[in-house]
Amino acid sequence: MAAENLEKIVSLCKRRGFIFPSSEIYGGLQGMFDYGPLGVELKNNLKRLWWKHNVYERDDMEGIETALLTNRYVLRYSGHEKGFADPLIDNRTTKKRYRFDHLLRDQTPEVRQELAAAFDVPEGADDYEALALALLDEPVRAEAALKAAKVIDPEDGKPGDWTEPRAFNLMFKTQVGPVADSESFAYLRPETAQGMFVNFKNVLTSTNRKLPFGIAQIGKSFRNEITPRNFIFRVRELEQMEIEYFVMPGDDEAIHEQWIQDHLNWWVEKVGLKRENLDLFEHTKLSHYSKRTVDILYKFPTLGFDELEGIANRTDWDLGSHSKEQDTLGLSPNTREKAMKNEHSTEKLTYFDQPNNRHIVPYVVEPAAGVDRGVLAALCEAYDEETLENGEVRVVLRLKPALAPIKVAVLPLAKNKPEIVAKSKEIKKLIQSQGDVRSVYDDTAGIGKLYRRQDEAGTPLCVTVDYDTLGQSRDGGTDLIDTVTVRHRDTMQQERVAISDLLAYIQEHIR
Ligand code: GAP
């Protein structure tokens, strides 16, 4: 049985050491989580799979790692200073704070209709985002209208004493250097993307790339989300896996489509998410920079289908916005019209199109996925409660072996028998000599309990060393000397394998 709600996953993560609330012994810090011993392995494995697929296995990609603290002008000209904001509102009575559009979404259609009529938003009863924008434009009038329409606070089910709605910028600011003045701050980046745009020329000239080519980055981003929630689904310190893929204008639409299909397949084939638990969502309301955006959604327990990755055709918006002398670049009409005039950049982020002897601003296709959401999806997909023949329920994480935090656990049948312990540790060392394979030795419980523990950790193989391994079978036989029992997580079936064949056997079964 799959996990019917997120609580099951949260509980397993705490119990087994995948993910903990951050700063827990001091009461936690909302929207922050720490990855424990199993979590860090799972997360690293997911990132490694992504990097392998998107960088190593292609001939048109470069990797990069850019700073988390970002010059404010990068985020001014990207549009984040002005536009990376959520609408928010407070109820003075309950002291609760809400995302304003979500508060409107949770009202009855009649309440929204009343507000839509007052603010002349014909589609407002159905389109809560449009309604929120209209009210944000006139905050004083909105405050009175919300009270008149008796907008309910979900906290207490009563009409709220609402403040004016206002835009709340989601970027974290911090001071750089010892002097605190109005100019000495930088932002913690809200996405990894901007680091790739502003390094476009550096990568292009240092690698001699030709279009189309891409830059990939995995790293932390920070967003002061108004309502972080649903475990690691919406957090304030998140990790992203992003690609900026630069193309000739005109090739963008077909290449965009290719990335959508490629990444949809990746989530299925490499991460192991079932196709029926994934969906594509075509945005109808586009961000100012986007020509087309398609989200890959995953069906999370409790939440239903929600965003795992967004894949946007960003046109020449980004390179155009970060360039000097924009009037000379032949930018697309949308970028020309809406991008801020750049008075601080020292570069034109252009590409020399040799065959046509001209400089152009490449278009960008951006597949942008959340690492934390990827980890959560993998955990949700893998979680299974299986009722055994004896009526016992075992929790098993059926992770793809490539994602499993521990590939092989070596378990001695008797921990009070020094030769069995020594042989087990020797085998653990042998397996570990295979480099990247995380293997553990565990003798802290009886064999049944140890198996269950590894099932919950998602360990595909357990190797057991017993008297037979030492050539000390109860019946006096020595046939099984230098063999071990290998037990498979998914089927619980066991096989006897010669130690001399063990490494090859493991490689075959964890691929
Ligand atoms: N550069 C484009 C960009 O950042 P986004 O849709 O805002 O696009 C990309 O973010 C991905 O990052 C999302 O699809 C989601 O998986 C993840 N993400 C965004 N905000 C998040 C948050 N607060 N917590 C966890 N993951 C988040």
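For clarity, every value in this text was computed on a predicted model and none was experimentally measured.

A.B. asks: Any chance you could explain the pairing of strand β13 (residues 237–247) here in plain terms?
C.D. replies: Each regular strand shows side chains that alternate between the opposite faces of the sheet. Burial runs high along β13: 10 of the 11 residues are buried. Where β13 and strand β19 (residues 363–370) come together, 6 bridges link them in antiparallel fashion. Its bridge partner being in β19, V247 is matched across the sheet by Y363.

A.B. asks: How do you make sense of the site of the ligand when you look at a structure like this?
C.D. replies: Taken together, 20 residues lie around the ligand, and E191, R223, E225, E242 and E307 are the ones closest in. V235 places a polar main-chain atom, nitrogen or oxygen, 2.8 Å from a nitrogen atom of the ligand. Protein burial of the ligand: of its 550 Å² of free accessible surface, 90% is covered by the chains. For the shell around the ligand, the elements supplying multiple residues, two or more each, are β13, β16 (304–315) and β19. It is β16 that provides the largest number of residues to the shell around the ligand, a total of 5 residues. Taken together, the residues of the shell around the ligand break down into 7 nonpolar, 3 polar and 10 charged.

A.B. asks: For this particular structure, what's the right way to read unusual backbone geometry?
C.D. replies: Across residues other than glycine, the phi torsion is negative in most instances, and most of the peptide bonds are trans. Across the junction of L211 and P212, the peptide omega takes the value -5°, indicating a cis bond. Along the chain, P212 turns up in the loop between α10 (200–207) and β12 (213–222). The phi dihedral of N230 is positive, around 60°, even though this residue is not glycine. Following the sequence through the fold, N230 ends up in the loop between β12 and β13. In the Ramachandran plot, T315 falls in the positive-phi region, its phi being about 50° despite a non-glycine side chain. Within the secondary structure, T315 is located in strand β16.

A.B. asks: What's the story with the sheet that holds strand β25 (residues 483–488) in this structure? I'm lost.
C.D. replies: Sheet strands line up and pair through hydrogen bonds in the backbone, either parallel or antiparallel. Strand order in the open sheet made by the 5 strands is β23-β22-β24-β25-β26, with mixed pairing throughout. Each edge of the sheet is formed by a strand with only one pairing partner; in this case those strands are β23 (439–441) and β26 (494–498). Geometrically, the sheet is characterised by an average inter-axis angle of 25° between neighbouring strands, direction not taken into account. By the bridge criterion, 3 bridges tie strand β22 (residues 408–412) to β23 in an arrangement that is parallel. Residue pairing across strands places A409 opposite V440, the latter belonging to β23. This element, helix α17 (residues 499–510), spans β22, β24 (461–465), β25 and β26 of the sheet and lies at about 130° to β26.

A.B. asks: Just to check I follow, could you spell out the packing of aromatic side chains for this structure?
C.D. replies: Two aromatic rings, taken as a pair, are described by how far apart their centres are and by the angle between their planes. Scanning the entire structure with this criterion turns up 11 aromatic pairs. Consider the rings of F200 and F213, whose centres lie 6.1 Å apart with planes at 20°: the pair is stacked. In this pair, F200 is assigned in helix α10 and F213 in strand β12, connecting sequence segments 13 residues apart. The pair formed by F200 and F213 is uniform in burial state, with each residue classed as buried. The ring of Y35 carries the charged tip of K43 above its face, separated from the ring centre by 4.2 Å. In this arrangement the basic side chain of R487 is found over the ring face of Y451, its NZ or CZ atom lying 4.4 Å from the centre.

A.B. asks: What is the right way to read the pattern of salt bridges from this model?
C.D. replies: Side chains bearing opposite charge may pair, as long as their charged atoms lie close to each other. A full pass over the atoms with the stated rule returns 51 salt bridges. One salt bridge in this structure joins R76 and E81, with 3.2 Å as the shortest N-O distance. Residue R76 is classed as partly exposed on the basis of its relative accessible area of 22%. The partner of E419 in a salt bridge is K417, with the nearest N and O atoms 3.6 Å apart. Ionic contacts of the salt-bridge type, sharing partners, join the residues D384, E386, E392, R394, R398, R452, D455, R487, R489 and D490 into one network.

What counts, and at which threshold
Residues numbered from 1 in each chain as written. Predicted model: local features only at pLDDT ≥ 70, side-chain atom pairs only at ≥ 80, totals over all residues. Heavy atoms only, no water. Buried < 20%, exposed > 50% of the residue type's maximum accessible area, 1.4 Å probe, protein only. Helix = DSSP H or I, 4+ residues; strand = E, 2+ residues; numbered from the N terminus. Pairing = 2+ DSSP bridges. Near = heavy atom within 4 Å. Polar contact = N/O pair within 3.5 Å; in protein donor to acceptor, adjacent residues only side chain to side chain. Areas by Shrake-Rupley, 256 points an atom, 1.4 Å probe, with all protein chains shown as cover. Nonpolar A, V, L, I, M, F, W, Y, C, P; charged D, E, K, R; others polar. Axes fitted to C-alpha atoms, helices over the stretch in contact; angles between N-to-C directions. Contact = heavy atoms within 4.5 Å. Phe/Tyr/Trp six-rings, centres within 6.5 Å; stacked < 30°, edge-to-face > 60°. Lys NZ or Arg CZ within 6 Å of the ring centre and 35° of its normal. Salt bridge = Lys/Arg side-chain N within 4 Å of Asp/Glu carboxyl O.

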